[in-house]
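# Close look at the chain arrangement
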Amino acid sequence: MKDTTMDNVMRNSDISFKKQSQTKEIWRRFKKSKGAVIGLVMLLIILLILLSADVIAPYTTATKQNIDNKLQGPSLAHWFGTDSYGRDVFARIVHGGRTSILIAILATVSSCIVGSALGAIAGYFGGKIDSIIMRSLDIFMSVPDILFTMAVVFALGANFVNLLVALTLAYFTNYVRLVRSQVLNLAELDYVEAARAGGASSARIIASHILPNAMGVIIVNTTLNVSKIILYESTLSFLGLGMPPPAPEWGLMLSEAREFMRTSPHLLFFPAMAIVLTACSVNLIGDGLRDALDPHLKS
């Protein structure tokens, strides 16, 4: 009995050591990409600013109107100037960034969970189940993402929850196809066959033996989808289908700045740069992760 316990302890220790070694190797490869490191530093700075928003720019300055201060240029009092309602643009950007990034992260996670589950089921079981899932997927993919999200928000109404639902339904399809293709390759490997022969349930095989080995491509796809969803969410807000005013949101700020493009270009420049820098930093991180997790690049 003691020998069995000792064997289990040694086996768990070996697994833990291997995972630590793999993590260190991935981090080493990630650091070799200058673009990925720059993207990580940029994103950390952006997140630090957004998390400190209440300290550096109270929320009231982002929503409270002050007509006497409207359309002022950048100054020490208002770093990014003020908008047509006298609201501080910097405060609206940092507080609006919380909304944009939170929606992007939640929509990415929810679409990943739904899509990965359906893709794993389709690839593992095959047959009629695979056909039903993939033909249903074709219906979703027959409509362009932006039109699909617009239709969902039109039908449900523009608010945080409905925007999250629309983006999830638009993006889960990417994961279904990606995970299904990975599962089709992994399901026939020896260790999966051994798990089946050992009496492991299908759910356990998928969760413990297949999906963990497909996590590399899932993580990369998830990272890149965050930047896409930030752009999509900003586009929907620009079209009036995002968070309702006066809530600060990057796309909404761009929409409100259209009529002042020539007289007050700062209203357009700063929220646009916030979107571009955030999406660019996430894309750089995604590219670095792709290279770090690609097994063909191992030395």
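## Focus on the overall build of the protein
Looking only at helices and strands, one finds 13 helices and zero strands in the protein. Listed N to C, the secondary structure of the protein is α-α-α-α-α-α-α-α-α-α-α-α-α in terms of helices and strands. Across its three principal axes, the protein shows a C-alpha extent of roughly 80 × 40 × 35 Å. The buried share among the 299 residues of the protein stands at 39%. When contacts within the protein are restricted to residue pairs at least 6 apart in sequence, those whose partners lie at least 24 apart make up 71%. For the protein, the computed accessible surface area is about 16300 Å², with 66% contributed by carbon and sulfur atoms. For the protein, the distance from the average position of its 26 positive side-chain charges to the average position of its 21 negative side-chain charges is 3 Å.

## Describing the pattern of salt bridges
Throughout the structure, instances matching the rule amount to eight salt bridges. The partner of Asp54 in a salt bridge is Arg98, with the nearest N and O atoms 3.3 Å apart. Here Asp54 is found in helix H3 (residues 53-56), whereas its partner Arg98 is found in helix H5 (residues 89-125), with 44 residues between them in sequence. Residue classification places Arg98 among the partly exposed positions, given a relative accessible area of 30%.

## Here's the deal with the nonpolar core
Core analysis: the biggest nonpolar cluster contains 25 residues, and Phe30, Leu163, Leu167 and Ile229 have the highest contact counts within it. Per-element accounting of this core gives the leading share, six residues, to helix H8 (residues 160-186). Apart from the residues within four sequence positions on either side, Leu163 is in contact with Ile103, Val153, Glu233, Leu236, Leu241 and Gly242. Among the nonpolar cores identified, the runner-up in size contains 15 residues, and Ala120, Val183, Ile206 and Ala214 belong to it.

## Here we look at the packing of H5 against helix H10 (residues 202-210)
Each pair of packed helices can be described by the angle between their axes along with the distance between the axes. It is the contact of H5 with H10, at a shortest axis distance of 11 Å, that shows an interaxial angle of 110 degrees. Relative to H10, H5 is oriented roughly perpendicular. You can see that H5 and H10 cross each other, and the crossing is right-handed. In contact with Ala120, Tyr124 and Phe125 of H5, H10 contributes Ser202, Ile205, Ile206 and Ile210. Among the residues forming the contact of H5 with H10, the class breakdown is six nonpolar, one polar and no charged.

## Observations regarding unusual backbone geometry
Backbone geometry at Leu71 places phi at a positive 55 degrees, although glycine is not the residue there. Position of Leu71 among the secondary structure elements: in the loop between helix H4 (60-63) and H5. What makes Leu71 partly exposed here is its relative accessible area of 29%.

## Focus on the packing of H5 against helix H6 (residues 127-141)
Interaxial distance between H5 and H6 falls to 7 Å at its minimum, and their mutual angle equals 145 degrees. H5 and H6 meet at a crossing whose hand is left-handed. Here Leu118, Ile121, Ala122 and Phe125 of H5 come into contact with H6, specifically with Gly127, Ile129, Asp130 and Ile133. Here the contact of H5 with H6 is composed, by residue class, of six nonpolar, one polar and one charged.

## Section: the confidence of the model for the protein
Across the protein, the average pLDDT comes to 80, with 91% of residues at 70 or higher. Looking across the protein, the model is least confident in helix H1 (residues 2-31), with a mean pLDDT of 56, and most confident in helix H2 (residues 34-51), with 88. Here residues 1-17 scores under 50 on pLDDT; set against residues more than four positions off or in separate chains, the count is zero contacts.

## A word on the side chain of His266
Here His266 shows up in helix H13 (residues 266-293). With a relative accessible area of 10%, His266 lands in the buried category. For His266, the residues in contact, after removing those within four places along its chain, are Gln72, Gly73, Pro74, Phe80, Gly81, Thr82 and Pro271.

## A look at a nonpolar patch on the surface
Taken together, the side chains of Val37, Val41, Ile45, Ile49, Val55 and Ile56 define a hydrophobic patch exposed on the protein surface, amounting to about 500 Å² of accessible area. Listed by contribution, the elements that provide at least two residues to the nonpolar patch are H2 and H3. Examining the composition of the nonpolar patch, we find that four residues originate from one element, H2, more than from any other. Residue position: Ile45 is located in helix H2.

Thresholds applied
- Position labels on residues start from 1 in each chain and follow its written sequence.
- Thresholds applied to this predicted model are a pLDDT of at least 70 for local features of residues and 80 or more for the giving and counting of side-chain atom pairs; totals over whole chains, interfaces and linings are not thresholded and use all residues.
- Here the side-chain values reflect all heavy atoms present in the structure, with hydrogen atoms and water set aside.
- Each helix is a run of H or I in the DSSP string that is no shorter than four residues. Each strand is a run of E no shorter than two, and both are numbered from the N terminus.
- A simple rule labels every residue: compare its accessible area, found with a 1.4 Å probe on the protein chains alone, to the largest value its type can have, and call it buried under 20%, exposed over 50%, or partly exposed in between.
- Only heavy atoms enter the contact rule, under which two residues are in contact if any of them lie within 4.5 Å.
- We get accessible surface area from the Shrake-Rupley algorithm with a probe of 1.4 Å; when it comes to residues, only the shown protein chains can shield them.
- Charge assignment in this entry is limited to Lys and Arg as positive and Asp and Glu as negative, and neither His nor the chain termini are counted.
- Where a charge sits is defined by one atom per residue type, namely NZ (Lys), CZ (Arg), CG (Asp) or CD (Glu).
- One speaks of a salt bridge when a side-chain nitrogen belonging to Lys or Arg is within 4 Å of a carboxyl oxygen belonging to Asp or Glu.
- Residues belong to a common nonpolar core when they are buried Ala, Val, Leu, Ile, Met, Phe, Trp, Tyr or Cys residues joined through side-chain atoms within 4.5 Å.
- Helix axes are fitted only over the stretch in contact, all axes being lines through C-alpha atoms; the angle between N-to-C directions runs from 0 to 180 degrees.
- Note on terminology: angles under 35 degrees are roughly parallel, angles over 145 are roughly antiparallel, angles of 65 to 115 are roughly perpendicular, and the others are oblique.
- Rotating anticlockwise by less than a right angle from the far helix to the near helix defines a left-handed crossing, while the corresponding clockwise rotation defines a right-handed one.
- Nonpolar residues are Ala, Val, Leu, Ile, Met, Phe, Trp, Tyr, Cys and Pro. Charged residues are Asp, Glu, Lys and Arg, and all others, Gly as well, are polar.
- Each residue carries a pLDDT score, the predictor's own confidence in it, on a scale running from 0 to 100.
- Patch construction takes residues with relative accessible area above 30% that form no salt bridge. Like charges are linked within 9 Å, and nonpolar side chains (Val, Leu, Ile, Met, Phe, Trp, Tyr) are linked within 5 Å.

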